[in-house]
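# Descriptive analysis of the structure
Now for the letters of each chain:
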Amino acid sequence: MSRTPLRAAVVGTGHRAQTFVRGLAARPGHLVAALCDPSPTRMAFHNRALAAAGEPAATEWEPDRFTDMLAKEAIDEVVVTTVDAAHDRYIVPALRAGCRVVTEKPMTVDADRCARILDAVKATGNPLTVAFNYRFNPVHEKVRALLADGAIGEILSVHFEWVLDVRHGADYFRRWHREKRSSGGLMVHKSSHHFDLVNWWLADEPHEVFGYGRLGFYGPEAGERHGLRRDYDRAHGAAPAADDPFALDLAGNDTLRALYLDAEPDDGYIRDRNVFGGPVTIEDDMAVLVRYTRGATMTYHLTAYSPWEGYRVMFNGSAGRLELEVEESRWAQPRTPVAPHSGALHGDTAAEHAGGVRLTLRPLWRPPAEVPLDVAHEAHGGGDPRMLDALFGPVDRGEPDQGAAAHPTATQRDGALALAVGLAANRCFETGRPVAVRDLVPGVRER
């Protein structure tokens, strides 16, 4: 028996929206009924994608008419993929309208906006889902299962290092993410993935945070100091950018040209800024110490200018040690054209120099053992399609089922706890003092 498809609206139609527009279009239980963005050019790009999928065109709406859109288009579900600082602008009215809401991570960028979202959830009884796709990576699920089964006993400490190579890391310094007021900095925008993973892996909550952060590689002063700075504001049309390995060629990439270069007359947004130009108000090298409520500690380091990309995470327990090493890109080749599809810079597609993945269990008094893994480097380690299945149901049915409902989707509370670590780290960078999570985001303790 056929069902009337749920009518979805996607607000914010940049790069990341492609995952959700195409994912919803592939599921018969859902219809992308509306798009909302300041740029008609970007919305037209996604409508072309819908047409290519055999779907009807979505109506196009300006952000100032978002609440009108919800009512006039009879929207059932809203997916928020805007600039991070604008998430609450759409989450809150959508919750109040009774819509199911899915937001990209981070949930928001500061404590006041976080409180506003939590208050809206509490007042409406309408939950929010945060799209932490790293939870759905099969390797990460294997780590959680081993820890939950007591493979290393009581978990006493975690060491977590994440390195972004000079292609991926640099991209945060070309666009709106370089302004902390828009993104919350990398501690919020990028590391919320990692903080959520550790909260989930440990089945625990952060209690206190301390850290140091600095802008030591990107930005004008560091660029001059290291002899890397070229004299241009944005790469497009700039002769000094022609052979700059840190420059992004928007015109040479079909998707980036259509989403950003062609859309510049709509809203003036520049996607290819000089990573060594100013102003840059976020950090590129961050060290954080977190203490959890049951006593475990985590040392965490994020580097945004590495020659390779990947991460290492080690868990120390009363019965042994678990070590995960993921080499997403062994090295970054200069001036490699970005492929003409989505995600070449940000994990949607596998890097051409992707390396290995290794999970090692080291029990006390016994030899170490390699844990067999199902490994993918594309689609964020295979997390994106599995997340879409959990959120919207499998492609062949397009409606959530019991298996999907049991999957580890993240709630507003999970989003707030991950955000709280990043916000606390940012506060430490300013004050040099530890921060208690409950003091920064008081409402996060309420279940």
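Each residue is numbered by its place in its chain's sequence as written, counting from 1. In keeping with the predicted nature of the model, local features appear solely for residues at pLDDT of at least 70, side-chain atom pairs appear and are counted solely at 80 or more, and the whole-chain, interface and lining totals rest on all residues. Where side-chain values are given, they derive from all heavy atoms of the structure, hydrogens and water being excluded.

Per an unreviewed UniProt entry, the chain goes by the name Gfo/Idh/MocA family oxidoreductase and belongs to Streptomyces guryensis.

### Let's talk about the pattern of salt bridges
Let me state the cut-off plainly: Salt-bridge detection follows one rule: a side-chain nitrogen of Lys or Arg within 4 Å of a carboxyl oxygen of Asp or Glu. The way it works is that DSSP assigns letters per residue, a run of H or I at least four long becomes a helix, a run of E at least two long becomes a strand, and they are numbered from the N terminus. Partly exposed residues are those whose accessible area sits between 20% and 50% of the maximum for their type, while under 20% is buried and over 50% is exposed, using a 1.4 Å probe and protein chains only.
This model, assessed by the stated rule, comprises 33 salt bridges. D88 is the salt-bridge partner of R113, the closest N and O atoms lying 3.4 Å from each other. Separated by 25 residues along the polypeptide, R113 in helix α5 (residues 111–124) and D88 in helix α4 (residues 87–96) bring together distant segments of the chain. For D88, a relative accessible area of 8% gives the class buried. For R273, the salt bridge goes to D233, with nearest N and O atoms at 3.6 Å.

### Notes on helix α6 (residues 138–148)
Heads up, the condition is: Two N or O atoms form a polar contact when they lie within 3.5 Å of each other; inside protein one atom must be a possible hydrogen donor and the other a possible acceptor, and for residues adjacent in sequence the pair counts only when both atoms belong to side chains.
Where α6 is concerned, the buried positions are V139, H140, E141, V143, L146 and L147. Between the side-chain oxygen at the start of α6 and the backbone nitrogen of V139 there is a gap of 2.9 Å, and the oxygen is on N137. Immediately beyond the C-terminal end of α6, within one or two residues, lies G150, with a positive phi of roughly 80°.

### Quick word on the environment of L261
This is how it is decided: Note on contacts: a residue pair qualifies if any of its non-hydrogen atoms lie within 4.5 Å across the two residues.
Within the element layout of this structure, L261 appears in helix α12 (residues 254–261). Judged by its relative accessible area of 14%, L261 is buried. When the C-alpha positions of L261 and T82 are compared, they lie 18 Å apart, and in sequence the two are 179 residues distant. Residues contacting L261, with those up to four places away along its chain left out, are R234, H236, L250, A251 and L256.

### Quick word on the pairing of strand β6 (residues 128–131)
Here is the rule we go by: Following DSSP output, two strands are said to pair if at least two bridges run between them. The definition of a right-handed crossover adopted here requires that, viewed with the strands pointing away, the path from the first strand over the helix to the second runs clockwise.
Every second residue of β6 is oriented toward a common face, with L128 and V130 on one face and T129 and A131 on the other, all of them buried. Across four bridges, strand β5 (residues 100–104) lies against β6 in parallel orientation. When the bridges of β6 are listed, V102 appears paired with T129. The parallel pair β5 and β6 is bridged by α5, and the resulting crossover is right-handed. Bridge count between β6 and strand β15 (residues 410–411): two bridges; the pairing is antiparallel. Counterpart to T129 in the pairing with β15 is T411.

### What to know about the environment of G310
Following the sequence through the fold, G310 ends up in strand β11 (residues 309–317). Between the C-alpha atoms of G310 and A58, which are 252 residues apart in sequence, the distance is 37 Å. Excluding residues within four positions of it along the chain, G310 makes contact with E161, W162, V163, V326 and E328.

### Some remarks on the sheet that holds strand β16 (residues 435–436)
Whether parallel or antiparallel, the strands of a sheet pair through hydrogen bonds between backbone atoms. The condition that has to hold: Orientation is described by lines fitted to C-alpha atoms, with helices fitted over the stretch in contact, and by angles between N-to-C directions that extend from 0 to 180 degrees.
On the basis of which strands lie adjacent, the open sheet formed by nine strands has the order β14-β13-β12-β11-β7-β10-β9-β8-β16 and mixed pairing. Either end of the sheet is taken by a strand with one partner, and the two such strands are β14 (369–370) and β16. Strand direction decides the pairing type here: strand β9 (residues 285–292) and strand β10 (residues 297–306), joined by seven bridges, are antiparallel. Paired with V288 across the strands is Y300, a residue of β10. On the sheet, helix α10 (residues 191–202) packs against β7 (155–165), β8 (206–214), β9, β10 and β11 and is oriented at approximately 155° with respect to β10.

### Notes on the side chain of D84
The topology assignment puts D84 in the loop between β4 (77–80) and α4. Not counting residues within four places of it along the chain, the set of residues in contact with D84 comprises K105, P106, T108, V109, W176, S182, S183 and H189.

### Things to note about helix α2 (residues 40–52)
Heads up, the condition is: An expected span of 1.5 Å times one less than the residue number is assigned to each helix.
Taking 1.5 Å of rise per residue, 13 residues should cover 18 Å, and α2 covers 18 Å from first to last C-alpha, within 8% of that figure. Of the residues making up α2, those classed as buried are R42, M43, F45, H46, N47, A49 and L50. Turning to α2, the residues buried within the fold contact α1 (17–25), β2 (30–36), β3 (59–61), α12 and α13 (264–267). Following α2 by one or two positions, G54 adopts a phi angle in the positive range, close to 80°.

### Some words on the UniProt feature "domain: Gfo/Idh/MocA-like oxidoreductase N-terminal" (unreviewed entry) in the chain
Just so we agree on the cut-off: UniProt positions are given in the numbering used here, feature names are shortened, and annotations may be inferred rather than shown by experiment.
When the UniProt feature table is mapped onto this chain, "domain: Gfo/Idh/MocA-like oxidoreductase N-terminal" (unreviewed entry) is found at residues 6–132. The span residues 6–132 carries 42% helix and 23% strand; its end-to-end C-alpha distance comes to 22 Å.

### Re the packing of α5 against helix α16 (residues 412–431)
Note the cut-off: Here is the rule for angles: anything less than 35 degrees is roughly parallel, anything more than 145 is roughly antiparallel, 65 through 115 is roughly perpendicular, and the remaining ranges are oblique.
Close contact between α5 and α16 brings their axes to 11 Å; oriented N to C, the two are set at 170°. Comparing their axes, α16 and α5 come out roughly antiparallel. Contacts from A111, C114, L118 and V121 in α5 reach Q412, A416, L419 and L423 in α16.

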